[in-house]
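Residues per chain, in single letters:
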Amino acid sequence: MPSRVRLLLVAALLVLAMQSPALAYIGPGAGFALAGSFLAVFAAVCSALLMLVTWPARLIWRLLFGRRALAKSRFKRVVVLGLDGLDHGLTEKLIAAGKLPHLAALAKEGSFHALGSTLPPISPVAWSTFQTGVNPGKHNIFDFLVPDLRTYEPKMSSVEIRPPRRMLRLGRFNLPLGKASIRLLRKSKPFWSVLSAHGITNCILRVPITFPPEKLRGVQLSAMCVPDLRGTQGVFSHYTTRAAIAGEKTGGEVHRVTRIGDKVRADLIGPDHPFRGERTQLKAPFEVRVQSADVATLKIGGKKHKLRLGEYTDWVQVSFSIAPGMKVQGICKFVLLATAPEFELYVTPINIDPEKPAMPIGYPSVYPIYLAKRQGPYATLGLAEDTWALNEHVLDDELFAKQCIDIDREREEMFFDALDKVRSGLCVCVFDGTDRMQHMFWRYLDDKHPAHPKELPANLKTPIEDLYQRMDEVVGKTREKCRDKDTLLMVISDHGFNTFRRGIDLNRWLEEEGYLTVDDARRGAEHLAGVDWSKTKAFALGLTGIFINIRDRYDQGIVDAGEEAEQLRDEIAAKLNQLMDTERGDPAIKRVYIAPKVYRGPYKDHAPDLVVGYARGYRVSWEAAIGKTTRQVFHDNTKAWSGDHCVDPSVVPGVLFCNRAIETENPRLIDLAPTILDMFGVAAPDYMDGKLLAVAEGAKQSTNNDTKVQAA
């Protein structure tokens with residue numbers, strides 16, 4: 001192997017090794033997992049060559065074995081369209097009002113049910129259950145975050161990064177002596193892996209908790225937990241001449257710049273330098289030249305891009321130089337927010353460039369590149385819609401909505417390309433915009449919400465209703481491509497939605513009840529840093545969990561496992577079930593679940609000891625979610641993030657539409673995996689917890705001219 005290739009491979013491994021955990025959904029923190037672009041591109045080229053060379057043999061194999069694989073199938077093709085967070089009650093209401101004609105037609109043709117979610121009903125847990133057909137005790141995902149057993153600091157629940165065990169330090173530089181690894185922590189097998197073993201082809205697009213991508217028969221593009229180029233779960237940049245707001249915001253960074261004449265010069269911040277012993281960030285210099293009050297020119301990487309006030313650029317490719325001949329590449333969008341009296345510029349998180357991916361984001365590795373060559377650059381970040389830029393008042397409502405719509409259109413293009421190419425087998429695609437927009441715009445629906453806008457933007461009066469109607473159009477186009485009798489179509493959501501008016505600081509409640517002790521001098525510190533573990537029996541972290549500080553499990557545990565821990569779980573659950581919001585006069589908790597009693601499987605001990613099912617309108621407070629402790633239990637939620645689903649599962653069922661009648665009462669998300677296997681004539685593995693749904697043989701009626709059908 002040439003020495004230059006060796007050097008690039010070493011760089012790839014080292015960049016992968018140099019990152020640290022992220023805070024995911026609740027608020028991005030430091031990054032994790034990043035590999036050098038050369039390795040991914042080299043693998044993609046090899047994969048493409050291998051596919052070309054083996055094409056004749058693969059075609060013959062597919063014709064022979066593929067037909068045999070589908071010999072017992074009830075359907076030649078199964079299509080699952082996931083609309084993350086689509087709410088059953090709101091969908092039912094809009095269908096009754098005649099505003100969702102395509103979903104109404106699908107319901108009339110086949111069926112429409114409320115779909116039972118998971119405990120808790122949050123995306124990483126729910127989609128993991130969807131793909132595996134098992135309860136969380138078997139797939140090991142219980143929340144976005146889990147506490148580190150030694151430090152108690154939050155870490156991501158779905159991905160683990162292990163750096164090389166040994167590093168060679170040469171002056172200011174580090175070289176790895178061994179391999180770094182990135183590992184998916186979701187256990188059990190996705191049902192498409194079972195299909196793959198039976199020779200059935202799959203196309204899996206942006207299903208959450210599929211990062212890093214797993215080998216399968218077919219193609220896959222990963223979703224939730226794919227980091228940005230910096231290794232975080234999404235850090236935006238805000239450049240401004242305002243001095244008062246310089247510093248760091250949740251989910252982003254503010255950079256103070258100086259305007260000299262009509263020019264502003266600054267640096268776009270990239271990943272850490274892979275060879276530097278001390279932390280040194282790679283940078284890409286850029287210049288903005290203001291031409292008028294609403295027009296400017298951006299110059300970066302030797303190319304110029306027009307900036308217009310309040311408009312996104314197209315995706316801009318940006319490169320960060322590591323050494324001569326070595327660089328890593330990403331993509332981002334710019335928005336000129338203001339030119340006078342102050343200069344304001346927003347930059348999205350720097351996404352991994354799908355045309356030159358810096359780490360594995362799809363399988364085979366050539367697949368993300370194929371999509372980029374076919375449709376141009378597209379968002380690759382797992383949580384691509386920048387909710388924190390809106391929460392922190394960097395973006396306004398209209399700019400955030402435009403971002404979500406653009407990302408959905410990218411998804412739509414790749415989904416319909418897949419439908420055209422996957423004529424047999426499984427095709428699954430999940431759209432995220434339904435989740436992100438409901439999180440941020442539920443305050444428009446709820447006139448009692450603390451963040452309900454006093455005046456609605458002229459172009460954004462009914463953002464959630466408009467969103468549902470756009471998704472209804474996607475359903476209509478999907479139905480047109482699934483008209484044949486050999487295709488089973490399902491439209492599903494993993495959970496529904498609910499207003500989020502009040503946050504509960506569980507750690508403050510535990511402190512008041514005597515279960516947790518805080519060093520007052522460090523109150524408000526993130527990541528439970530102010531907790532006195534020698535006097536703490538229980539603590540809260542993440543979106544729904546309370547953990548018992550058990551001896552021999554945690555580094556500073558004080559509660560004995562067994563009878564003492566069991567009594568403590570029962571005691572806390574009984575008290576918390578009675579929690580009232582005395583200021584509002586409402587019960588705040590619907591039910592507290594004792595994890596060892598509700599989860600089954602080899603990983604149930606990894607769960608929080610207690611899972612809190614909040615009542616409608618309540619959720620864990622922003623502070624408690626990341627381990628801060630305040631001085632009050634209840635907090636008004638004044639953020640744009642005004643809708644949520646981190647509540648009791650009974651409050652937020654999802655939806656299940658199908659072009660065949662489903663005769664089972666109360667279908668659940670967990671039932672879909674074994675049911676889809678059965679549609680292909682494949683027996684569900686014994687470990688699956690889901691039950692087969694009763695799917696009728698044929699559609700209720702011909703639907704050639706039913707696009708205007710409305711619910712009675």
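Values in this document were obtained by computation on a predicted structure and should not be read as measured data.

What counts and how
- Residues numbered from 1 in each chain as written.
- Predicted model: local features only at pLDDT ≥ 70, side-chain atom pairs only at ≥ 80, totals over all residues.
- Heavy atoms only, no water.
- Pairing = 2+ DSSP bridges.
- Helix = DSSP H or I, 4+ residues; strand = E, 2+ residues; numbered from the N terminus.
- Axes fitted to C-alpha atoms, helices over the stretch in contact; angles between N-to-C directions.
- Contact = heavy atoms within 4.5 Å.
- Buried < 20%, exposed > 50% of the residue type's maximum accessible area, 1.4 Å probe, protein only.
- Polar contact = N/O pair within 3.5 Å; in protein donor to acceptor, adjacent residues only side chain to side chain.
- Phe/Tyr/Trp six-rings, centres within 6.5 Å; stacked < 30°, edge-to-face > 60°.
- Lys NZ or Arg CZ within 6 Å of the ring centre and 35° of its normal.

Caption draft 1: Representation of the sheet that holds strand 33 (residues 610-614) in the model. Strand order in the open sheet formed by 4 strands is 28-29-33-32, with antiparallel pairing between adjacent strands. The open sheet terminates on both sides in strands that have one partner only, identified here as strand 28 (538-541) and strand 32 (589-594). The sheet shows a mean angle of 25° between the axes of neighbouring strands, direction not considered. Note: strand 28 against strand 29 (residues 545-548), 4 bridges, orientation antiparallel. From the neighbouring strand, F539 faces strand 29, where its bridge partner is F547. Its contacts with the sheet put helix 15 (residues 563-576) on strand 28, strand 29, strand 32 and strand 33, and the angle it makes with strand 32 is roughly 175°.

Caption draft 2: Local environment of the environment of E511. Within the fold, E511 resides in helix 14 (residues 506-512). Judged by relative accessible area, E511 falls into the buried class, the value being 18%. Between the C-alpha atoms of E511 and F539, which are 28 residues apart in sequence, the distance is 8.9 Å. Excluding residues that lie within four positions of it along the chain, E511 makes contacts with L516, V518, R523, T629 and T630. A polar contact of 2.8 Å, which involves the side chain of E511, links it to the side chain of R523.

Caption draft 3: The packing of aromatic side chains, seen in detail. Taken as a whole, this structure holds 26 aromatic pairs when the rule is applied. Ring geometry for W533 and F539: centres 5.1 Å apart, planes at 80°, overall edge-to-face. Relative accessible area serves as the criterion here: at 7%, W533 is assigned to the buried category. When its relative accessible area of 0% is taken as the criterion, F539 is described as buried. Counting every residue linked through ring pairs, the aromatic cluster contains Y152, W533, F539, F547 and Y554. It is K639 that lies over the ring of W622; its NZ or CZ is 5.9 Å from the centre.

Keep in mind these values describe shape, not function.
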